[in-house]
Structures are given as structure tokens and as C-alpha cells.
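Breakdown of the fold
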Amino acid sequence: MVYEDVKKTISKYNLIQDGDRVIVGVSGGPDSVCLLHTLYKFSKEMNISLYVAHLNHQIRGIDAYTDALYVMNISEKLNIPCFIRSIDVPKYCEERKIGVEEGARTLRYEMFNEIRVKVGANKVAIGHNKNDQAETILMRLMRGTGLQGLRGIEHKREDGVIRPILDISRDDIEKYCEENKLEPKIDNTNLETIYSRNKIRLEIIPYMEREFNENIIETIVRMSENIKVDSDYIDKQADRSYEISTKRYSDGVYIFTKYMTELHDAIKKRIVIRAIREVLGDAKLIDKKHIDDVLELLPTEKKSKKINLPRGLFAFRFADYILLTNREISFENVQYEYEIQPGRSIYIQELGKTFRTRIVDYDNFDKNNFKNGIQYIDLGKIKDKLILRNRRQGDRIKLLGGTKKIKDLFIGLKIPREDRSFVPLVVSKDSVISVCGHRINIDYKVDENTKKILEFTLE
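All of the points below concern the structure found in this document. (Residues numbered from 1 in each chain as written. Predicted model: local features only at pLDDT ≥ 70, side-chain atom pairs only at ≥ 80, totals over all residues. Heavy atoms only, no water.)

On to the overall build of the protein chain, then. The helix and strand tally for the protein chain stands at 14 helices and 21 strands. On C-alpha atoms alone, the protein chain measures out to a radius of gyration of 32 Å, which is more than a quarter above the 23 Å that the 2.2 N^0.38 rule sets for 459 residues. Its C-alpha atoms give the protein chain principal-axis dimensions of roughly 100 × 45 × 45 Å. Residues classed as buried in the protein chain amount to 46% of the 459 residues present. (Helix = DSSP H or I, 4+ residues; strand = E, 2+ residues; numbered from the N terminus. Rg over C-alpha atoms; globule rule 2.2 N^0.38 Å. Buried < 20%, exposed > 50% of the residue type's maximum accessible area, 1.4 Å probe, protein only.)

Here it is, written out as C-alpha cells:
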């Protein structure tokens with residue numbers, strides 16, 4: 001029965017394919033031994049290669065060495081290659097000032113990754129079961145989790161970690177080991193209430209079974225399955241919105257504010273989390289407060305603001321977008337320069353905006369119908385190439401009342417100092433022809449002698 005259920009789980013979640021090389025994490029306890037034995041049977045039906053990996057944490061003295069010996073022996077009986085490593089986990093954790101559980105997990109996965117490279121494996125099978133699922137959900141619930149946390153443990157991860165016995169209860173696993181005379185080792189620390197998970201396993205769940213619901217494990221797991229269905233739907237909607245509202249460049253992920261403001265909060269949060277993962281590789285140490293801090297940059301009045309996030313991540317609010325990046329940026333030192341090809345558009349990466357141009361015949365030009373945000377210059381008066389760039393020291397523009405420093409113009413227009421590098425200038429040689437969206441050099445304005453007009457706008 002257990003073996004058939006494991007096969008169903010493998011098939012349902014597409015955990016293993018023909019030709020896979022699978023590392024099986026085996027501690028020697030009932031869960032991992034059941035996992036190994038069922039995958040061994042499965043390997044007889046499907047062309048897969050198995051490798052056993054065992055880490056001696058050096059926590060339990062002689063018991064730890066007998067566990068390692070047991071893993072070696074069962075691997076030999078099943079004719080499966082076995083890799084064993086012994087590391088002083090308490091010392092490792094003390095040196096790095098981290099908890100034993102966290103340190104042991106880190107070292108296990110480092111071992112798995114080394115073996116993966118050595119044998120060319122593409123999957124790592126872990127022995128989490130249905131009880132572990134319920135315990136994990138309760139732990140997350142007590143810490144204060146969201147929908148994502150209530151999904152519980154996933155059957156597979158993008159990095160190749162799979163959990164084929166996640167749908168099997170601990171009772172059924174122990175019966176399977178007994179029926180197949182596997183005689184797994186028992187870790188007595190699992191029977192001590194010194195860890196939070198053990199307290200949930202030994203005290204809280206038995207109390208809930210006794211006083212409220214004898215099938216509480218099944219109930220919790222069923223709830224998580226229902227939540228996964230709803231969560232997957234929201235994730236799909238968020239994926240669609242992510243493609244529209246973000247763009248990845250070399251300096252980070254740009255989140256465009258005009259798209260974000262129309263979205264539901266549940267979608268907005270997922271977009272921010274996905275953008276963070278794209279920059280950092282994962283979202284570890286990023287919690288709800290950090291996501292909310294990023295979303296607080298959406299209002300227009302937050303322009304030119306910056307927030308520091310964990311792990312060297314920054315969020316910068318520019319004119320029309322939020323940039324998530326691991327690079328430090330000074331707003332006043334942003335530099336950009338693009339050559340303008342009349343009639344073509346330019347995407348200005350530093351601004352997250354597009355400079356659009358169009359050549360218009362004077363005969364088709366309605367000088368009495370100027371559109372807001374669109375500017376026009378006499379193309380025939382341009383004697384050199386056109387450049388689109390931000391301001392430089394000493395820039396001036398010729399206006400009706402005389403020549404004016406760009407700096408003084410910005411002050412008069414009440415453009416905040418931190419925003420001034422984000423106002424592009426159209427320049428030819430040393431002449432500022434236009435301050436985009438604000439002023440045109442009087443020498444380049446359209447007049448009765450104009451034949452060709454360059455129309456441009458910043459979107």
C-alpha cells in the first residue's frame with residue numbers, strides 16, 4: 001500500500017523521470033529508510049540511478065556512528081553507492097553563531113550539492129512525510145505566516161529537491177519498515193521536547209487529537225492542499241502581471257508604478273517578492289515588513305526615495321518606476337547619453353522612459369494645435385548629430401529673455417534637486433536645444449522657413 005501510494009505521488013507531481021540520477025538523503029531513521037527502500041523498488045521499474053548520502057553530525061556520540069554503519073550496510077544490501085561525511089556540527093554552528101538545526105541543514109545541502117556534481121545527479125530525495133507537513137504548518141501558523149506559508153512543504157522545488165513520501169503518514173511508514181524487516185535506527189532526540197518541532201509533535205498534536213479532532217493531521221494537510229489550489233491561481237495571475245509591470249536590466253529589476261497602482265495588494269506583494277528573488281536568487285531574510293516598505297514607494301510623492309533592505313538590496317523610487325538592485329546609486333550622479341536617430345525611439349534605461357521622435361512636414365504641421373508634453377524643433381537648423389543626455393556642469397539654454405543656466409532654470413521650475421538628473425536634454429555639440437518637457441532653445445523653434453520638423457516626447 002505504501003509503495004503504491006509513493007508511486008502515485010511520484011506520478012502526480014512528476015517527481016522522477018526516466019534516466020534521472022537521484023541522491024537519497026538517509027539518516028537511518030524510519031522516514032529516510034522507507035524512502036530509500038521504496039525508491040529502490042521504483043528503480044526496478046524505471047531506469048533511474050540512486051546514490052545514498054548520510055551526514056554524521058557528531059551530536060549523539062556512539063549512536064551517530066552506529067547510524068552511519070547502518071546506512072552503509074543497508075546501502076550495500078541494496079547495491080546502492082553510499083557517501084558518508086562526518087562533521088562536528090556543534091562546533092560549526094558555534095563558530096558561525098547559528099542554531100544547530102540551521103547549521104546541520106546547511107551542511108547537509110552542501111554535501112548533497114557536492115555529490116550531485118561528483119555523480120552527475122539531478123535530483124535530491126528527502127524523507128519528509130505527512131506528519132512533518134502538519135507540524136510545519138502549525139509552526140508557521142504560530143510564527144504568523146501568510147498564504148504562502150500555509151501551503152506547507154512542497155513536493156518538489158526548482159532546484160531538484162523532491163519529497164516522494166510527503167503523502168505518507170508516520171504510522172504507515174513505521175509499519176512499512178516493520179513489514180519489510182528494515183529495522184531503522186531511532187534518534188532519541190526526537191523524543192525530547194527541547195526543540196519547537198518536537199513540542200508540536202509530542203505535545204500539541206497529541207493534545208489536539210485527544211481533545212478536538214482525532215484526524216487532525218489529515219485535516220491540516222487537507223487544508224494546505226486547498227490553500228495550494230487558491231495560491232497557485234493567484235500566483236498565475238501575478239505571473240501575468242509581472243510580465244507587464246516589470247523589466248529586468250543589468251542593474252536590477254524595474255517595477256513600473258503606473259501598472260502596479262491598478263493591481264490588488266495580493267498581486268503587488270507577489271510581484272515584489274518575485275523581483276527580489278530575481279535580483280538575489282531567493283527571498284531569504286525578506287519578510288512582510290520589507291515587502292510593505294517597497295510598496296510604500298509607489299505614490300508619486302515618494303519619488304527619489306531610497307530604502308535599504310536585507311542582504312545589500314536597495315529599492316530606489318525613480319520618476320516612473322521602482323528599481324530593486326544590489327548596487328548603491330546616488331540620485332545626483334546618474335549619467336546617461338544616447339544618440340538620437342530622428343524618426344526613431346530610444347528607451348532610456350536609467351529613467352525607465354521612452355524618447356519618441358517623428359519627422360513631420362511643415363505643410364502637415366498645425367502650429368495652433370500643440371499637444372501637451374510634445375515638443376517641436378526645426379530639423380533643418382540641426383548641423384550636427386543630436387544627443388539625448390542628462391545635465392552637465394555649465395549647461396545653458398537660449399530662451400526668449402536671454403541665455404539661462406540649466407541649473408537656474410531647474411530652480412525656477414521648482415524641480416527638486418534629486419530629480420534634476422532625470423530630466424533629459426536634447427543637445428547638439430555644445431548647444432542645449434531642449435529641456436525635455438519644459439523649454440525649447442529659441443534658435444531652433446519652428447518658423448515660416450521651416451521645411452522639416454522633429455516632433456519628440458518623453459513617455
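Back to the write-up after that little detour.
Let us now look at the packing of helix H4 (residues 89–96) against helix H5 (residues 100–119). Across the interface, H4 lies against H5 with an axial gap of 9 Å and an inter-helix angle of 110°. In terms of their interaxial angle, H4 and H5 are classed as roughly perpendicular. Taken as a pair, H4 and H5 cross one another with a handedness that is right-handed. When H4 is examined against H5, the residues Val89, Tyr92 and Cys93 are found in contact with a partner set consisting of Val100, Gly103, Ala104, Thr106, Leu107 and Glu110. Grouping the amino acids of the contact of H4 with H5 by side-chain chemistry returns 6 nonpolar, 2 polar and 1 charged. (Axes fitted to C-alpha atoms, helices over the stretch in contact; angles between N-to-C directions. Parallel < 35°, antiparallel > 145°, perpendicular 65-115°, else oblique. Left-handed = near helix turned anticlockwise from the far one by under 90°. Contact = heavy atoms within 4.5 Å. Nonpolar A, V, L, I, M, F, W, Y, C, P; charged D, E, K, R; others polar.)

Taken together, 4 strands build an open sheet; the order of strands is S12-S13-S21-S14 and the sheet is antiparallel. In the strand order of this sheet, the two ends are held by strand S12 (346–348) and strand S14 (374–378), each with one partner. Strand-to-strand twist of the sheet, defined as the mean angle between neighbouring strand axes without regard to direction, takes the value 25°. As paired elements, strand S13 (residues 353–361) and strand S21 (residues 452–458) share 7 bridges and run antiparallel to each other. Along S21, the bridge assignment pairs aspartate 361 with lysine 452. (Pairing = 2+ DSSP bridges.)

Nonpolar side chains in soluble globular proteins generally cluster together in the buried interior. By size, the foremost hydrophobic cluster in this structure holds 31 residues, and its most contacted members are Ile16, Val24, Leu36 and Leu39. Contributing elements (two or more residues each) for this core: helix H1 (2–12), strand S1 (21–25), helix H2 (30–45), strand S2 (49–56), helix H3 (62–77) and helix H8 (170–179). Here the element with the most residues in this core is H2; it accounts for 6 residues. Each residue touching leucine 36, except ones within four places of it in the same chain, is listed here: Val24, Val26, Val52, Ile74, Leu78 and Ile80. Phe316, Leu379, Phe422 and Tyr444 belong to the second-largest nonpolar core, a separate cluster that totals 28 residues. (Core = buried A, V, L, I, M, F, W, Y, C linked by side-chain atoms within 4.5 Å.)

Strand order in the open sheet formed by 5 strands is S6-S7-S10-S9-S8, and the pairing between neighbours is antiparallel. Every other strand in the sheet has two partners, leaving strand S6 (246–249) and strand S8 (306–309) as the edge strands with one partner each. Here the strands of the sheet are splayed against their neighbours by 20° on average, with no regard to which way each runs. Bridge count between strand S7 (residues 252–256) and strand S10 (residues 321–325): 4 bridges; the pairing is antiparallel. Its bridge partner lying in S10, isoleucine 255 is registered against isoleucine 322. Helix H12 (residues 265–280) rests against S6, S7, strand S9 (313–317) and S10 of the sheet, and its axis sits at about 160° to S7. Packed onto the sheet, helix H13 (residues 288–295) meets S8, S9 and S10 and runs at close to 165° relative to S8.

As a further point, take the state of the cysteines. Using the criterion set out here, one finds 0 disulfides in the structure. For the unlinked cysteine cysteine 177, the closest cysteine sulfur is that of cysteine 34, found at 5.3 Å. (Disulfide = S-S within 2.5 Å.)

As a further point, take a negative patch on the surface. Together, Asp171, Asp172, Glu174, Glu178, Glu179, Glu209 and Glu214 line one region of the surface with negative charge. Among the secondary structure elements, glutamate 179 is positioned in helix H8. Judged by relative accessible area, which is 62%, glutamate 179 ranks as exposed. (Patch = residues over 30% accessible without salt bridge, like charges linked within 9 Å, V, L, I, M, F, W, Y side chains within 5 Å. Areas by Shrake-Rupley, 256 points an atom, 1.4 Å probe, with all protein chains shown as cover. Salt bridge = Lys/Arg side-chain N within 4 Å of Asp/Glu carboxyl O. Lys, Arg positive; Asp, Glu negative; His and termini not counted. Charge placed at Lys NZ, Arg CZ, Asp CG, Glu CD.)

Moving on: the packing of H12 against H13. Put simply, H12 and H13 touch, their axes get as near as 10 Å, and they point 105° apart. Classified by the angle between their axes, H12 and H13 sit roughly perpendicular to one another. Taken together, the residues of H13 that come into contact with H12 (itself represented by Lys268, Lys269, Val272, Ile273 and Ile276) are Lys288, Ile291, Asp292, Val294 and Leu295. Among the residues making up the contact of H12 with H13, the classes are represented as 6 nonpolar, no polar and 4 charged.

Before going further, it helps to examine helix H9 (residues 196–211). It helps to recall that an α-helix has 3.6 residues per turn; residues three or four apart then point in one direction. For H9, spanning 16 residues, the distance from its first C-alpha to its last is 21 Å, which sits close to the expected 22 Å at 1.5 Å a residue. Along H9, the helix axis deviates most sharply at isoleucine 204, where the bend reaches about 30°; the proline proline 206 sits within four residues downstream. Among the residues of H9, those classed as buried are Asn198, Ile200, Arg201, Ile205 and Met208. Residues of H9 that are buried make contact with helix H6 (130–143), H8 and helix H10 (216–245). (Expected span 1.5 Å × (residues − 1). Bend = angle between axes of the 7 residues up to and from the residue.)

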